[in-house]
Amino acid sequence: MKTSVIGFPRIGAHRELKFASEKYFAKTISQEELEQAAKQIRLDGWKKQAEAGIDFISSNDFSFYDGMLDTAFMLGAIPARYKALCLSKLDTFFAMARGFQSEKSDVTALPMKKWFNTNYHYIVPEIEESTELRLDATKIASEYKEAAGAGIKTKINVIGPFTFLKLAHYSGTKNAASFADDAAKCYKQLLAECAKLGAEWLQIEEPYLVFDLTDEDKQLFKALYEKILPGKPLKVLLQTYFGDVRDFYTEIIKYDFDAFGLDFVEGKESLNLLKKYGFPKDKLLFAGVVNGKNIWRNNYEKTAALIAEIEKAAAGAETVISTSCSLLHVPYTTKNEEKLSAEILAHFAFAEEKLKELKDIADADSKAFAENKKLFAHERVEKNLALADKISKLTAKDFTRVPAFAEREAIQKKALNLPPFPTTTIGSFPQTQEVRKNRADFKKGLISKEQYEDFNKKMIARCIKKQEEIGLDVLVHGEFERNDMVEYFGENLDGYIFTQKAWVQSYGTRCVKPPVVWGDITRKNQITVDWSVYAQSCADKNSKKPVKGMLTGPVTILNWSFPREDISLKECAFQIAFAIRDEVLDLEANGIRIIQIDEAALKEKLPLRKADWHSEYLDWAIPAFNLVHSGCKAETQIHTHMCYSEFIPIITDIDNMDADVITFEASRSNLEILQALKEKNFRTEVGPGVYDIHSPRVPSVEEIVAAVNKMKQFVKPSKLWINPDCGLKTRGETETDASLKNLVAAAKKVRG
Ligand code: GLN
Ligand code: ZN
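As a starting point, this report considers the structure included with it. (Residues numbered from 1 in each chain as written. Chains lettered and ligands numbered in written order. Predicted model: local features only at pLDDT ≥ 70, side-chain atom pairs only at ≥ 80, totals over all residues. Heavy atoms only, no water.)

1. Structural notes on the sheet that holds strand β19 (residues 548-552)
Spatial ordering of the open sheet is given by β19-β20-β21-β22-β23, a layout of five strands whose pairing is parallel. Both edges of this open sheet fall to β19 and β23 (685-688), since each of them pairs with a single strand only. Adjacent strand axes in the sheet meet at a mean angle of 20° when their direction is disregarded. Summarising the sheet, strand β21 (residues 637-642) and strand β22 (residues 661-664) pair through four bridges and their orientation is parallel. Within β22, the residue paired with threonine 640 across the bridge is isoleucine 662. (Pairing = 2+ DSSP bridges. Helix = DSSP H or I, 4+ residues; strand = E, 2+ residues; numbered from the N terminus. Axes fitted to C-alpha atoms, helices over the stretch in contact; angles between N-to-C directions.)

Below you can see the structure in the form of structure tokens.
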């Protein structure tokens, strides 16, 4: 069997692209030097794949920033304001990605959005009324030739016109359909150009096909491909990933593509579709069976069995085995890990290791199969039976907080005695150079635990005092001990392990290093109690302002980690929920009256198809959150926070989290969400962020008053909180103080 890789990591084994780009932005290296670094990254990737014996290796899977942005460039979808900057091609590209400021001009970047159900963000192309799509295939040609020069014949990758047009933003009155003809022309021309280069295959990626499609969407797909495919001069692979094509399958396989790439890892219906409707005999089936998103070893025996079923269902057609999506979503190689034991590393397959997996499976290499079998012969970790038992015995009661919301609301109003429109912040305060240095020095062993803690205590005392001076009602300790809201908790939980170099691209050249859920999760020790108790002790004894405890919720901890595959996400979420629940109860027992449980990433793993939202996700994610706080006293006020406000479609589920207060981002997109809160009779008290913390700008008092007045039209005043829209850790101290002073002044005005 032949093998195919949908795409390879483009950041480099040691994040070379990140460092080279940063130098280029700082003007310490030239464009040629940056291009040289990129060339080396591409070459390394191609060589690795060729050495591993991969048959279908991609070119044009590289990007200096993002593949959607490359596609916009390829089609000439460059908004006029960027063209007007009169920069070089590369700098125009970077201006669209990052914004551009000079003495004469100040242009913001195009917005970013999450790429399907990954933690990768793409640049949202903007198509203007006057945009004329025109093909520019220089990047594609040069990368193809570069690979050819290295002796590697590649399949050329490109994001398809359907996905591109569906994800683009239209700033004028036109829409995706208005550009279908022009886009089709460009792609038709692209096919010709690719053929001219000598390429045999073009991989057109259409992940949008795994969403629920409307008739209009299907019409658009038709309008595009009925024009692009006739008389095609090279072979075209229609590549899908992140799910299955479901009800569109029977239509799609009728199109004149030469191959179809289907995902058998996340596409839970793919095999059924194949079994039910068969597969065209004269086409190739690219079967995504090696998970491109996780870091665990493939189970060869299971995969071989799956392939046997696939081949049986697609009788007669040739099967190529492939990754389930681009390997962009996994780290580069386990070889960079120096601290983890060989025993642990044997269970990991990052991008490079997945190449060998593809080849082993394709060759049915018996020695490799025997080796692989050993990994799965025993449970990887000893099961925590007591914990499993506790989870299996959970009943509705464990997820239900009593008394019910309304009664709690009244009790808390009395107990906390807060003014109307209480003011608060989301948790973190500016992480100054000193704060970071203190943590780094402690990690490196340069200072003692005592020195480290003393510094943090000083910072906490100062932070509390400042908040009291400013006049905020609910205080926070400031989170100076935290590097990252997930890593910090992971480090205090048994069952987590951490890598040194397992970086995954998040946006542009920025990477994240998610921790790995290795075993059953339990809390090692109290995590935040000392800090919170200390912070509360710093507060003025007369005014008795509450200090909020600050935790990360189980769903967010799980969503920002590499999850296990040997137990369900639900099981794992409940394990984490128990650990955080213990922390909640300890905070409460130690006099903390308000506890915030952040669920910044709750929406991130919402399945792409609506039919799966509840059964696959919300039905355990919301209960996991409930479990964390269901044991609290009525007086204890539970807050949660979300870094976005696009939760209208799941607004009832959010209300069912049964928090007492939710704060969220609303400063940019307020009206719709406010309307929805009102319509749905949202019960939870709300703090829609009154200003945007993502910019150093200080909001004026009037502006905040206006925002609150607008909110008052939709939210009962007795339920409304006043707060910024997210944590303040990325801000400077000066602008933060000024902004918070204005926020408090605005609250006083509104109360008056
Ligand atoms: N409590 C966290 C903070 O204030 C929340 C961060 C987030 O929402 N991403 O930083
Ligand atoms: Zn946030």
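2. A word on helix α1 (residues 16-25)
For α1, the complete set of buried residues consists of Leu17, Lys18, Ala20, Ser21 and Tyr24. Taken together, the buried residues of α1 touch α2 (31-51) and α5 (89-98). (Buried < 20%, exposed > 50% of the residue type's maximum accessible area, 1.4 Å probe, protein only. Contact = heavy atoms within 4.5 Å.)

3. A closer look at the site of ligand 1
Around ligand 1 there are 13 residues in total, and Ser428, Glu479, Asp598, His641 and Cys643 lie nearest to it. Contacts to ligand 1 include glutamate 479, whose side-chain N or O atom sits 2.8 Å from a nitrogen atom. The contact in question runs from an oxygen atom of ligand 1 to an N or O atom on the side chain of histidine 641, over 3.0 Å. Residues belonging to the shell around ligand 1 are distributed by class as follows: six nonpolar, four polar and three charged. (Near = heavy atom within 4 Å. Polar contact = N/O pair within 3.5 Å; in protein donor to acceptor, adjacent residues only side chain to side chain. Nonpolar A, V, L, I, M, F, W, Y, C, P; charged D, E, K, R; others polar.)

4. Considerations on the coordination of the zinc ion (ligand 2)
When a metal holds four donors in a tetrahedron, each ideal angle between them is 109.5 degrees; when it holds six in an octahedron, the ideal angles are 90 or 180 degrees. Of the protein atoms, only His641 (NE2), Cys643 (SG) and Cys726 (SG) coordinate the zinc ion (ligand 2), at distances of 2.1 to 2.2 Å. Taken in chain order, the donor set of the zinc ion (ligand 2) reads H-x1-C-x82-C. Of this pair, histidine 641 sits in strand β21 while cysteine 726 sits in the loop between α27 (701-712) and α28 (733-751); the two residues are 85 residues apart in sequence, bridging distant segments of the chain. Judged by its relative accessible area of 3%, histidine 641 is buried. Among the residues examined, cysteine 726 registers a relative accessible area of 17% and is labelled buried. (Donors = N, O, S within 2.8 Å, 3.2 Å for Na, K, Ca; no water.)

5. So, the sheet that holds strand β10 (residues 201-205)
Strand order in the open sheet formed by eight strands is β1-β14-β13-β12-β11-β10-β8-β2, and the pairing between neighbours is parallel. Only two strands of the sheet have a single neighbouring strand rather than two, namely β1 (2-4) and β2 (58-59). Bridge count for strand β11 (residues 235-239) against strand β12 (residues 259-263) is three bridges, and the pairing is parallel. Across the sheet, residue glutamine 239 finds its bridge partner in β12, namely glycine 261. Along the sheet, helix α12 (residues 300-313) makes contact with β13 (284-290) and β14 (318-323), crossing β13 at roughly 160°.

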